[in-house]
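Next come the chains, spelled out residue by residue.
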Amino acid sequence: MSSSGPGVVSISPPAIRSAPRLPASDAQRTARRAARARKLGLRTLALGYLALLLGAPLVMIFYRTFEHGLAPVWNAVTAPNAVHAFWLSIEVVAISVPLNTIFGIGMALLLERGRFWGKGLLGLLIDLPFAISPVVVGLSLVLVYGKTGWLGDWLAENGIQVIFSVPGMVLATAVVSLPFVARETIPVLREIGTDAEQAAETLGASAWQTFWRVTLPAIRWGVVYGVVLTTARALGEFGAVSIVSGRIEGQTQTLPLYVQDRFENFDSTGAYTAALVLALLALGTLLAMNLLTRRTRGRMEA
Amino acid sequence: MAIEVRNVRKSFGEFVALDDVSIRVADGALTALLGPSGSGKSTLLRIIAGLETPDSGEVVIGDEDVTGAPARTRGVGFVFQHYAPFKHMTVQDNVAFGLSVRRRPKDQIRERVRELLGLVRLDGLAERYPSQLSGGQLQRMALARALAVQPQVLLLDEPFGALDAQVRGELREWLRRLHEEIHVTTVFVTHDQEEAMEVAEQIVVMNHGRIEQAGSPRHLYESPTNEFVMSFIGPVNRLGDAFVRPHDIQILPEPDGTGTEALIERVVHLGFEVRVELKLEDGRDIWAQVTREEAQQLELTAGQILTVRLPAPRVFASQAT
């Protein structure tokens, strides 16, 4: 189960209070009715599409999870392998997301503020993880870091195990969620321009002070959104992690891998429960961002 | 501190922004860099500030050659055309920025900010955010922010460009008075000759990356050394190679044999000033500027034929380029 980025939440405009009713002509009434029908039709279409693609499956998972009451769910949630998978997922996310955040901001600054040869190429490279299938990413990591891989001998000599262990899973997760922060930050950097940064410089701020006090606060919503997308992607990553982890039960199984494992072993309650936990984690991330954004933004840009 | 720019060149790709430019700004002077867009005036200002590095030449502030020095060590206050506010900070935090990156004591910063906000008349707005200020208020906040660190020189890029006419007028007057009060060497960029004449003590006229002429407003107006300066500073009539100021054209009540006949095509009343559009005997168009009183006395109306006396026209040696 590879989660795609969260969809944009659409908010329907507040219903327009109708003006005091004047006696309308038949033509006007027909036109108004047609417009209302059109609006209703469009709305139904959009909502229906969402319901079929997103709503129904989610509701079904919810329903199937609790189909047999709370006790089996509790058992599934507290199963040792499930707990392990949960914490492993959290661990992988907790390492790869900060890494990608720092890298993404740095890359965005480089691409948007820097002037160097090969910038265009770098901009293309950064999007590569979006284009390549996660399975290919996993395989190519094995080719480099695996036992018979390019760096395999050196890693083995130094007692570092990458493939079939956490470092490899972090690596795979980092690669597939690489572009989000940079891609969300670059347009914001472009929009804010360089004036404020130059102003800070003339006021005596060092490059470091300028970054922390002027640039970062100005781009923070782009960064936050990038982080949320990265987190969602990292949590749900299946293909790449599946290959580099070796899917060792109770050892290198993240939540998505665990869901797959339970599903294949006809433990539907286990699979549905873990899937629900995964969905709730993603939802929590989205919600946290939403709250954060609303609180601080409301104060500043009144 | 005096500013000296020597033989500065700067190109952006093929475009030559500054072509061997040298200027001197005396300590404590209020100077305008005046020119049309693309004349290199903003680039020159940014080079003085250290926001742009010259391809060759030197920049000296006080006794120090700062050519290679980064902007943050130059002790310049810079006010950007669009003010470059720190949008996530309150007005007082914006003004305090230069002091707080220098890690001055908190109470000292607070005192200085209060003083500066008083100076720029933003006392009550300390807690506001830039998005809650008008253009004129933002302008004054940017100025206070630049002044907070007690710069050796103050540089302003099109400081009044983005404001509406009335606010612009007030701020010009205010900047002049502020300069009299604090006497920091000030250079501002403008494309508006009226603004330069009104505010500056010295004007440097620029065109195509070169300096056309520098001097006091009066000097530039009365003795322009070339065609560009003459036509950029103040209104002109062009008669072939010669130039005549509209207010130097005399309209005579009675022909006295010394003048030329002319037909009034249009009389435009602009308040105190009246613009008279004339066609000369030889078919050339010209306009004269007279006061309201003169126009009334002479009873000027369109279609009237009268006599005008032209002053000795100014002719400039034709220029290379």
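Computed from a predicted model, the values in this text were never measured in an experiment.

A. The arrangement of the overall build of chain B in detail. Helix and strand content of chain B: 9 helices and 18 strands. With the principal axes as the frame, chain B shows a C-alpha extent of 80 × 45 × 30 Å. Burial statistics for chain B: of 321 residues in total, 39% are counted as buried. Restricting the contact set of chain B to residue pairs at least 6 apart, pairs at least 24 apart contribute 63%.

B. Local environment of the overall build of chain A. Along the backbone of chain A there are 13 helices and 0 strands. In sequence order, chain A lays out its α and β elements as α-α-α-α-α-α-α-α-α-α-α-α-α. Residues counted as buried form 33% of the 302 residues belonging to chain A.

C. Spatial organisation of the sheet that holds strand S9 (residues 202-207) of chain B. Residues and elements named next belong to chain B. Strand order in the open sheet made by the 6 strands is S6-S7-S8-S3-S9-S10, with mixed pairing throughout. Single-partner strands in this sheet number two, and they are strand S6 (76-79) and strand S10 (210-215). Averaged over all pairs of adjacent strands, the angle between strand axes in this sheet comes to 15°, irrespective of strand direction. Pairing geometry for S6 and strand S7 (residues 153-157), over 4 bridges, is parallel. Bridge pairing in S7 places Val79 opposite Leu156.

D. Here's a closer look at the nonpolar core. In terms of nonpolar packing, the biggest core is built from 80 residues, with Ile48, Ala144 and Leu155 of chain B touching the most fellow members. Examining the composition of this core, we find that 7 residues originate from one element, helix H4 (residues 135-147) of chain B, more than from any other. The residues contacting Ile48 of chain B, other than those within four sequence positions of it, are Ile3, Val5, Val59, Leu155 and Val187 of chain B. Formed by 55 residues, the second largest nonpolar core is a distinct cluster that contains Leu171, Leu189, Tyr225 and Val227 of chain A.

E. The interface of chain A and chain B, seen in detail. With 17 residues of chain A at the contact, the number on the chain B side is 20 residues. Elements that contribute at least two residues to the side of chain A that touches chain B include exactly helix H9 (195-202) and helix H10 (207-236) of chain A. For the side of chain A that touches chain B, the element with the highest residue contribution is H9 of chain A, accounting for 7 residues. Class assignment of the residues belonging to the side of chain A that touches chain B gives a composition of 9 nonpolar, 5 polar and 3 charged.

F. The arrangement of helix H7 (residues 166-176) of chain A in detail. Residue and element names in this part refer to chain A. Of all 11 residues that make up H7, 9 are buried, and the element is covered over most of its length. All buried positions along H7 are accounted for by Gly168, Met169, Val170, Leu171, Ala172, Thr173, Ala174, Val175 and Val176. In this structure, the buried side of H7 is in contact with helix H3 (80-113), helix H4 (119-131), helix H5 (134-145), H10 and helix H11 (239-245).

G. Fine view of the pairing of strand S17 (residues 305-309) of chain B. Residues and elements named next belong to chain B. Here strand S13 (residues 250-252) runs beside S17; their pairing, made up of 3 bridges, is antiparallel. Residue pairing in the sheet places Ile251 in a bridge with Val308 of S17. Here strand S14 (residues 260-270) pairs with S17 via 4 bridges, running antiparallel. Of the residues in S17, the one forming a bridge with Glu261 is Thr307.

H. Up close: the environment of Pro98 of chain A. Residues and elements named next belong to chain A. The residue Pro98 is located in helix H3 in this model. With 12 C-beta atoms packed within 10 Å, Pro98 lands in the exposed category. For Pro98 and Ala174, which are 76 residues apart along the polypeptide, the C-alpha to C-alpha distance reads 9.6 Å.

I. The sheet that holds strand S11 (residues 237-239) of chain B, seen in detail. The sheet built from 3 strands is open, its strands ordered S11-S12-S18 (chain B) with antiparallel pairing. Of all strands in the sheet, those with a lone pairing partner are S11 and strand S18 (314-315) of chain B, marking the two edges.

J. Region of interest: unusual backbone geometry. With a phi angle near 55°, His183 of chain B is a residue other than glycine that sits in the positive phi range. With respect to the element layout, His183 of chain B can be found in the loop between helix H5 (165-182) and strand S8 (185-190).

K. Seen up close, the confidence of the model for chain A. In this model, chain A carries a mean pLDDT of 87, and residues with pLDDT of at least 70 account for 89%. The low-confidence segment residues 1-19 of chain A, where pLDDT is below 50, has 20 contacts with residues more than four positions distant or belonging to other chains.

L. View of H9 of chain A. Burial analysis of H9 of chain A places 7 of its 8 residues in the buried class, which makes it a mostly covered element. The complete set of buried residues in H9 of chain A reads Ala196, Glu197, Gln198, Ala199, Ala200, Glu201 and Thr202 of chain A. Of the surrounding elements, those touching the buried residues of H9 of chain A are helix H8 (179-192) and H10 of chain A together with helix H1 (41-49), S6 and helix H2 (91-101) of chain B. Two residues or fewer past H9 of chain A, Gly204 of chain A is found with a positive phi of approximately 100°.

M. Up close: the pairing of S14 of chain B. Residue and element names in this part refer to chain B. Pairing geometry for S14 and strand S15 (residues 273-280), over 8 bridges, is antiparallel. Residue Val267 lies in a different strand from S15, and its bridge partner there is Val276. Counting the residues between successive antiparallel strands, the hairpin from S14 to S15 contains 2 residues, one of them, Gly271, with a positive phi of roughly 80°.

N. Highlighting the confidence of the model for chain B. Residues and elements named next belong to chain B. Averaged over chain B, the pLDDT score is 90; the fraction of residues at 70 or greater is 99%. Of all secondary-structure elements in chain B, the lowest mean pLDDT belongs to S18, at 82, while H1 reaches the highest, 96. Interface scoring of the predicted complex returns ipTM 0.84; its pTM is 0.80.

O. Structural detail: the packing of H5 of chain A against H7 of chain A. Residue and element names in this part refer to chain A. Two elements in contact, H5 and H7, have axes separated by 10 Å at closest approach and are oriented at 135°. Classified by the angle between their axes, H5 and H7 sit oblique to one another. Relative to H7, H5 is oriented so that their crossing is right-handed. Judged by residue contacts, Pro134, Val137, Gly138, Leu141 and Tyr145 of H5 engage Gly168, Leu171, Ala172, Val175 and Val176 from H7. Its residues placed into classes, the contact of H5 with H7 shows 8 nonpolar, 2 polar and no charged.

P. View of the environment of Ala271 of chain A. Residue and element names in this part refer to chain A. Inspection of the secondary structure puts Ala271 in helix H13 (residues 268-300). Accessibility expressed as a C-beta count within 10 Å gives 23 for Ala271, which makes it buried. Distance in space between the C-alpha atoms of Ala271 and Ala37 is 43 Å, their sequence separation being 234 residues. Apart from residues no more than four positions distant in its own chain, Ala271 is found in contact with Val259, Arg262 and Phe263.

Q. Broad picture of the environment of Met60 of chain A. Of note, Met60 of chain A is situated in helix H1 (residues 26-65). Residues Met60 of chain A and Ala82 of chain A, 22 residues apart in the sequence, show an inter-C-alpha distance of 21 Å.

Calculation rules
Residues numbered from 1 in each chain as written. Chains lettered and ligands numbered in written order. Predicted model: local features only at pLDDT ≥ 70, side-chain atom pairs only at ≥ 80, totals over all residues. Helix = DSSP H or I, 4+ residues; strand = E, 2+ residues; numbered from the N terminus. Buried ≥ 20, exposed ≤ 12 C-beta atoms within 10 Å, placed from the backbone. Contact = placed C-beta atoms within 7 Å. Pairing = 2+ DSSP bridges. Axes fitted to C-alpha atoms, helices over the stretch in contact; angles between N-to-C directions. Core = buried A, V, L, I, M, F, W, Y, C linked by C-beta atoms within 7 Å. Nonpolar A, V, L, I, M, F, W, Y, C, P; charged D, E, K, R; others polar. pLDDT = per-residue confidence, 0-100. Parallel < 35°, antiparallel > 145°, perpendicular 65-115°, else oblique. Left-handed = near helix turned anticlockwise from the far one by under 90°.

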